[in-house]
Amino acid sequence: MVLTGEEVELTGQHVVLQRLRVEDAETTLAWRLGERAELLNEGATSVVEQAAWIDSRPDSEYNFVIRLKSGKPVGMLSLVNIDLTHRRAEPARFLIGEPDAVKGVPVAVEALKLLYEFAFDHLGLQRLHGAVVAENRKMLKWHLYLGMKEEGRLREHQFLDGRFHDIVCVGMMEHEFRETALPRMNALIRSTPSAERT
C-alpha cells in the first residue's frame, strides 16, 4: 500500500521530513524568492499563491518541509512523478532555505538519504531520476557525488530569467543507492560532529 503524503513523516538523526502544509506558505515562499532558488523553476510570487500551490499538491506527491530536530524549518524536498508501474520517481524541489541554521549539520545529506530510503525501501522503486539546470554546478556536483549518474543533456530546454538553459538529466538505480550512495551518505553523517542545534 502506498501512503499518502499526509501520513508520512521521515525521521533521521538530525532532521525530520514532515508534510508540507498551507501554514508553511510564508516560510517556503521566502526561500523560493531567495538567491539560492534562482535556478529553480519559477513559482509563486505571493503568500496567497504559495498557499494555493501547496493546497493543490496531489496525494500522489510527497512534499516535505525539512526540519531540524528542534522543529525549526530549514528547507524543502519532494518526491514527484511517481510511477509504480515502471517503479520510478523524481526527487525534486530540493532547497535548503536557511543555510546559516544548518552549518555543521549534515541536513542536506540526511534529508536526501531519508527520501531515497523511502523511495527504495517503502515504495519499492527501481530508479530515481531528475533534471538539474546545467549552470547549477554545485547542485549537479552534489547529486553526482551522492550517487546519481549523468544520463544526458537537454539543450536549451528550460526558459528561466529571460533565456534558455541546458538541463542535465541524472539518475540512480536501486542497486547503485545501496552500493554507492547509502554508504557514502552514512559516512558523511557519521563524520559530522553531533550539533546541539538539532
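Let us look at the structure shown here.

Reading guide: rules and limits
- Residue numbers restart at each chain and count upward from 1, following the sequence in its written direction.
- Reporting in this predicted model follows two pLDDT cut-offs: at least 70 for local features of residues, and 80 or more for side-chain atom pairs to be given and counted; totals over whole chains, interfaces and linings ignore these cut-offs and use all residues.
- Think of the side-chain values as coming from all heavy atoms in the structure, minus any hydrogens and water.
- A run of H or I in DSSP counts as a helix once it spans at least four residues, and a run of E counts as a strand once it spans at least two, with each numbered from the N terminus.
- Each residue is placed in one exposure class: buried if its accessible area under a 1.4 Å probe, protein chains only, is under 20% of its type's maximum, exposed if it is over 50%, and partly exposed if it falls in between.
- When checking whether two residues touch, look at their non-hydrogen atoms; a contact exists if any pair is within 4.5 Å.
- Under the convention used here, a 1.4 Å probe and the Shrake-Rupley method define accessible areas, while residue burial counts only the protein chains that appear.
- Criterion for a salt bridge: a side-chain nitrogen of Lys or Arg within 4 Å of a carboxyl oxygen of Asp or Glu.
- Note on aromatic pairs: the rings of Phe, Tyr and Trp (six-membered ring only in Trp) are paired at centre separations within 6.5 Å, and the planes decide the class, stacked below 30 degrees, edge-to-face beyond 60, tilted for the rest.
- Only lysine NZ and arginine CZ atoms are considered, and such an atom sits over a ring when it is within 6 Å of the ring centre and within 35 degrees of the ring normal.
- At least two bridges found by DSSP between two strands is the condition for calling them paired.
- The term nonpolar core refers to a set of buried residues drawn from Ala, Val, Leu, Ile, Met, Phe, Trp, Tyr and Cys, joined through side-chain atoms within 4.5 Å.

## Looking at the overall build of the protein
Turning to step 1, where the next piece is worked out: Summing up its helical and strand segments, the protein has 5 helices and 8 strands in all.
Turning to step 2, where the next piece is worked out: Put simply, the protein has 198 residues, and 46% of those count as buried.
Turning to step 3, where the next piece is worked out: Put simply, of all contacts in the protein between residues at least 6 apart along the chain, 65% involve residues at least 24 apart.
Turning to step 4, where the next piece is worked out: When the accessible area of the protein is evaluated, it comes to approximately 10500 Å², of which 48% is carbon and sulfur surface.

## Considering the pattern of salt bridges
Turning to step 1, where the next piece is worked out: All told, the structure shown has 11 salt bridges when counted by the stated rule.
Turning to step 2, where the next piece is worked out: The closest approach of N and O atoms between Arg57 and Glu61, which form a salt bridge, is 3.4 Å.
Turning to step 3, where the next piece is worked out: Judged by its relative accessible area of 22%, Arg57 falls in the partly exposed class.
Turning to step 4, where the next piece is worked out: Among the residues examined, Glu61 registers a relative accessible area of 12% and is labelled buried.
Turning to step 5, where the next piece is worked out: Arg93 serves as the salt-bridge partner of Glu61, at 3.0 Å between the closest nitrogen and oxygen. Here Glu61 is found in the loop between helix 2 (47–55) and strand 3 (62–68), whereas its partner Arg93 is found in strand 5 (residues 88–96), with 32 residues between them in sequence.
Turning to step 6, where the next piece is worked out: Arg93 gets classed as partly exposed once you look at its relative accessible area, which sits at 28%.

## Describing the packing of aromatic side chains
Turning to step 1, where the next piece is worked out: This model, assessed by the stated rule, comprises 4 aromatic pairs.
Turning to step 2, where the next piece is worked out: Here the aromatic rings of Tyr116 and Phe177 are separated by 6.0 Å at their centres, their planes lie at 85 degrees, and the arrangement is edge-to-face. With a gap of 61 residues between them, Tyr116 in helix 3 (residues 107–122) and Phe177 in helix 5 (residues 174–191) connect regions that are remote in the sequence. Grouping residues by exposure puts Tyr116 and Phe177 together as buried.
Turning to step 3, where the next piece is worked out: By way of ring pairs, the aromatic residues Tyr116, Phe120 and Phe177 are connected into one cluster.
Turning to step 4, where the next piece is worked out: Across from the ring centre of Tyr145, 4.7 Å away, lies the NZ or CZ of Arg184, which sits over that ring.

## Regarding the pairing of strand 7 (residues 149–160)
Turning to step 1, where the next piece is worked out: The sheet contact formed by strand 7 and strand 8 (residues 163–173) spans 8 bridges and is antiparallel. Opposite Lys149, over in strand 8, you have Gly171 as the bridge partner.
Turning to step 2, where the next piece is worked out: Once strand 7 ends, the chain turns through 2 residues before running back antiparallel as strand 8, passing Asp161 with a positive phi of about 50 degrees.

## Focus on the side chain of Thr28
Turning to step 1, where the next piece is worked out: Inspection of the secondary structure puts Thr28 in helix 1 (residues 25–32).
Turning to step 2, where the next piece is worked out: Among the residues examined, Thr28 registers a relative accessible area of 1% and is labelled buried.

## Side note on the nonpolar core
Turning to step 1, where the next piece is worked out: In terms of nonpolar packing, the biggest core is built from 45 residues, with Ile66, Leu79, Val107, Tyr116 and Leu128 touching the most fellow members.
Turning to step 2, where the next piece is worked out: Considering every element that reaches this core, the biggest residue donor is helix 3, with 11 residues.
Turning to step 3, where the next piece is worked out: In this structure Leu79 touches Glu61, Tyr62, Ala89, Glu90, Pro91, Leu115, Phe118, Ala119, Leu123 and Leu128, once residues within four positions along its chain are discounted.

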